[in-house]
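# Descriptive analysis of the structure
The chain contents come next:
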Amino acid sequence: MLPAAPYGTSPAGHTWYPATRVQQGIWVLDRDELLRPTQLVPTVVEFTGSVDHAALVGAVGRSLARHPSLRARFRLDVKRRRVEYHTDGPPAEPGFLDAEAEGWTEEEVDRLVRALCATPFDLARDAPARAEVIRLGADRTLLVINVHHIIFDGVSRGMLLEDVCALYRAAVEGAVPELTDPPHPASVVAERTPEEIAEQVAEVVDRLRGAPAEVLLPFARVPHDGGEESLLGASLATRLDDETTAKVMAVAAQEGCTPFMLGVALLAGTLARTGPQRDFLIAFAWPGRDDPATADVIGMFMTTVVLRVTLEPGDTWRDLLGGVRIGGMEAFVDSDVPLDAVSAALNPDRNALWPPLSPVLVNLDEAPRSLEPVPGLTGTLRPLDPMFIKYDLAMFVRLEDTPGGRSLALSLDYPVNVFGHDDLSRFLNALRHSAADLATFPENPVLEESVRPTASADLDDPAARLELVRSIWREVLDTDDVADDVSFFESGGDSLLLVLLVERLGQVSGREVRTMDLFRQPTVIGQADLIAGAAEPAAAPAAGGDRAALLNAARAQGAGAAR
């Protein structure tokens, strides 16, 4: 296989390079107005501390200028039926706004940030990146960078932020940054023959054949009101405590599973517990940077890969982890297989504009959460608003360092016009329960959860409340010997089992039960009284061009609202 060669030089003096298959697919998606926002990769960093704004603007501008991909312009060669690009166009110029000095309100700034993050690019005319430095006050500054997915992936985001920090540090210290000229992305992309691709596609199709191309999610779909469609998304997150994290990671390690594989197993097990499906295709993003030559290249090398997970009625959590590990290794081997070709063979009736076989995605979240360009200056990534999502469900797995060890964080992204917040919240609780079961009972069948009892007790009857709490204690402690006046911890419980107890008591009673309350009322009698006085869970709140044009629109919208 040889690196991709340029097509030649145009009369305008541009050297045109072939777009990869993935880039060509993204270019097609960018033609659709509904999908265009999903092809953007925005990043919003809030800096706390004293910022040299001229140095920061300069660092961002130099970063945008020095990477060939960030200067790319794309076109469709109709005669040859191919997408191509050149990288000798002018780079994007970062803007600077002193919002405090110019009297911008927080609401106006928020609208501007949303516009910077959601406004599509003209890939033929614009550099596929934009950036704005916004001074909010003496010790608060925003850095907003948005780059098109056609030349940018998750690894590239980390590289660009590191680049900006290194250039800023050098500027404020009066030093020369130690940065090498990055290679051109076309120089590290290898071309494969059609025969090589066809052989791999046939192997993947054979492995995945027979699996359903849909995932039955246990959520009711929100009725569509006939208005304008939207792919606006929302996110819900949970974090396991250090003890539970240590236990689930230990079980996963015993089965040779990575944190990503653990996340896939938890999702597949929870989907199987809450629905009838037992055979799943789950998508994930593969970095596509196996070649060391790509280490310093900002570009789009990521591919979407599909992993198959099956679950038999008697399979334990260990069985499921082992199956995910095998499926994951098979998928990794064929990570460079074009997904559109696999989709065409397995699901010819698919939506040709968006070909993945699965509406569910799992990814390992390795994005930096904080930056420290210089001592005394800290940058924190802000949650995205708006957020756009093209999958029915995307789960992100993240390991975070804590004072007590490590914590496993799970987040769910979902389209708000398709699914409701309450349903996703319940599913997130089910994921937590799966994690606790995996940590505590890895030899138990995964589907045991589906036959657990639900509450039918009269919670106004003291005797019925006592018996309800006793039954949950017996279930969680796996014993019939439960005393009403003995502490949960003296009865054999620990902090992990307490998490299970909290979730089960909340599920069967329909009342709001908190971990701290059970610490204060550690007996059956105390917890029965606690349920009597607990309230039902509160309703969750509803989810909800060029630089000059974006600035004017943000201010004008605010002025209109004031009138």
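Whatever comes next refers back to the structure up there.
Residues numbered from 1 in each chain as written. Predicted model: local features only at pLDDT ≥ 70, side-chain atom pairs only at ≥ 80, totals over all residues. Heavy atoms only, no water.

## Re the packing of aromatic side chains
Overall, the coordinates contain 11 aromatic pairs when judged by the stated rule. Grouping aromatic residues by their ring pairs yields a cluster made of F260, F284, W286 and F332. Here R31 stacks its cationic end above the ring of W27, 4.3 Å away from the centre of that ring. Geometry around F121 places R130 over its ring, the cationic atom sitting 4.1 Å from the centre. (Phe/Tyr/Trp six-rings, centres within 6.5 Å; stacked < 30°, edge-to-face > 60°. Lys NZ or Arg CZ within 6 Å of the ring centre and 35° of its normal.)

## Comments concerning the state of the cysteines
For the structure shown, the criterion picks out zero disulfides. Note on C165: no disulfide assigned, nearest cysteine sulfur contributed by C117 at a separation of 18 Å. (Disulfide = S-S within 2.5 Å.)

## Section: the side chain of D153
If you trace the backbone, D153 turns up in the loop between β9 (140-148) and α4 (154-173). Engagement of the side chain of D153 in a polar contact is seen with the backbone nitrogen of F301, the distance being 3.2 Å. Apart from the residues lying within four places of it in its own chain, the contact partners of D153 are P287, R289, G299, M300, F301 and M302. (Helix = DSSP H or I, 4+ residues; strand = E, 2+ residues; numbered from the N terminus. Polar contact = N/O pair within 3.5 Å; in protein donor to acceptor, adjacent residues only side chain to side chain. Contact = heavy atoms within 4.5 Å.)

## Quick look at the nonpolar core
Ranked by internal contacts, the top residues of the largest apolar core, which has 77 residues, are L266, L267 and L501. If you look at the next biggest cluster of nonpolar residues, it comprises 48 residues, including A131, L143, I145 and V147. (Core = buried A, V, L, I, M, F, W, Y, C linked by side-chain atoms within 4.5 Å. Buried < 20%, exposed > 50% of the residue type's maximum accessible area, 1.4 Å probe, protein only.)

## Observations regarding the pattern of salt bridges
Following the criterion strictly, the structure yields 37 salt bridges and no others. Of the charged contacts in the structure, one is a salt bridge between D30 and R31, with a shortest N-O distance of 3.0 Å. With a relative accessible area of 1%, D30 lands in the buried category. A relative accessible area of 46% places R31 in the partly exposed class. Close ionic contact of D517 with R514 constitutes a salt bridge, the shortest N to O distance being 3.1 Å. Look at D517 and you get buried, because its relative accessible area is 14%. Three or more residues joined by partner-sharing salt bridges are found here, namely E46, E106, D110, R140 and R382. (Salt bridge = Lys/Arg side-chain N within 4 Å of Asp/Glu carboxyl O.)

## A closer look at the sheet that holds strand β16 (residues 378-381)
Reading across the sheet, the six strands line up as β7-β8-β9-β4-β16-β15 and stay open at both edges, with mixed pairing between neighbours. Here the strands that pair on one side only, and so sit at the sheet edges, are β7 (95-98) and β15 (370-371). Bridging between β15 and β16 involves two bridges; their strand directions are antiparallel. Looking across to β16, one finds that S370 is bridged to T380. Seen against the sheet, helix α2 (residues 53-66) touches β4 (40-48), β7, β8 (129-137) and β9 and runs at an angle of roughly 170 degrees to β8. Set on the sheet, α4 makes contact with β4, β9 and β15; between it and β4 the angle comes to about 35 degrees. (Pairing = 2+ DSSP bridges. Axes fitted to C-alpha atoms, helices over the stretch in contact; angles between N-to-C directions.)

## Remarks on a negative patch on the surface
A cluster of acidic side chains, namely E195, E196, E199, E203 and D206, defines a negative patch on the protein surface. When you line up the elements, E195 lands in helix α5 (residues 194-208). (Patch = residues over 30% accessible without salt bridge, like charges linked within 9 Å, V, L, I, M, F, W, Y side chains within 5 Å. Areas by Shrake-Rupley, 256 points an atom, 1.4 Å probe, with all protein chains shown as cover. Lys, Arg positive; Asp, Glu negative; His and termini not counted. Charge placed at Lys NZ, Arg CZ, Asp CG, Glu CD.)

## Examining empty space enclosed by the protein
Vacant regions in the atomic arrangement are exposed by a probe of water-molecule size rolled over the atoms. Taken as a whole, the largest cavity encloses approximately 90 Å³ of empty space. Together, V204, R207, L208, T304, V305, V306, A331, D334, V337, L339 and V342 line the largest cavity. Listed by contribution, the elements that provide at least two residues to the lining of the largest cavity are α5, β13 (303-310) and α9 (339-346). Classifying every residue of the lining of the largest cavity by side-chain character gives eight nonpolar, one polar and two charged. Taken as a whole, the second largest cavity encloses approximately 70 Å³ of empty space. In terms of lining residues, the second largest cavity is bounded by T20, Q23, S69, Y85, I151, P185, V189, G299, M300 and F301. Residues belonging to the lining of the second largest cavity are distributed by class as follows: six nonpolar, four polar and no charged. (1 Å grid on protein atoms, 1.4 Å probe; cavity = no way out; pocket = protein on both sides within 12 Å on 5 of 7 lines; lining within 4 Å. Points joined across faces, edges and corners; volume = space filled by probe spheres on them. Nonpolar A, V, L, I, M, F, W, Y, C, P; charged D, E, K, R; others polar.)

## With respect to unusual backbone geometry
With an omega of 5 degrees, the peptide bond running from D385 to P386 counts as cis. Topologically, P386 is positioned in the loop between β16 and β17 (387-388). Unlike most non-glycine residues, R81 shows phi in positive territory, near 55 degrees. With respect to the helices, strands and loops of the structure, R81 is situated in the loop between β5 (73-77) and β6 (82-86). The class for R81 is exposed, based on a relative accessible area of 74%.

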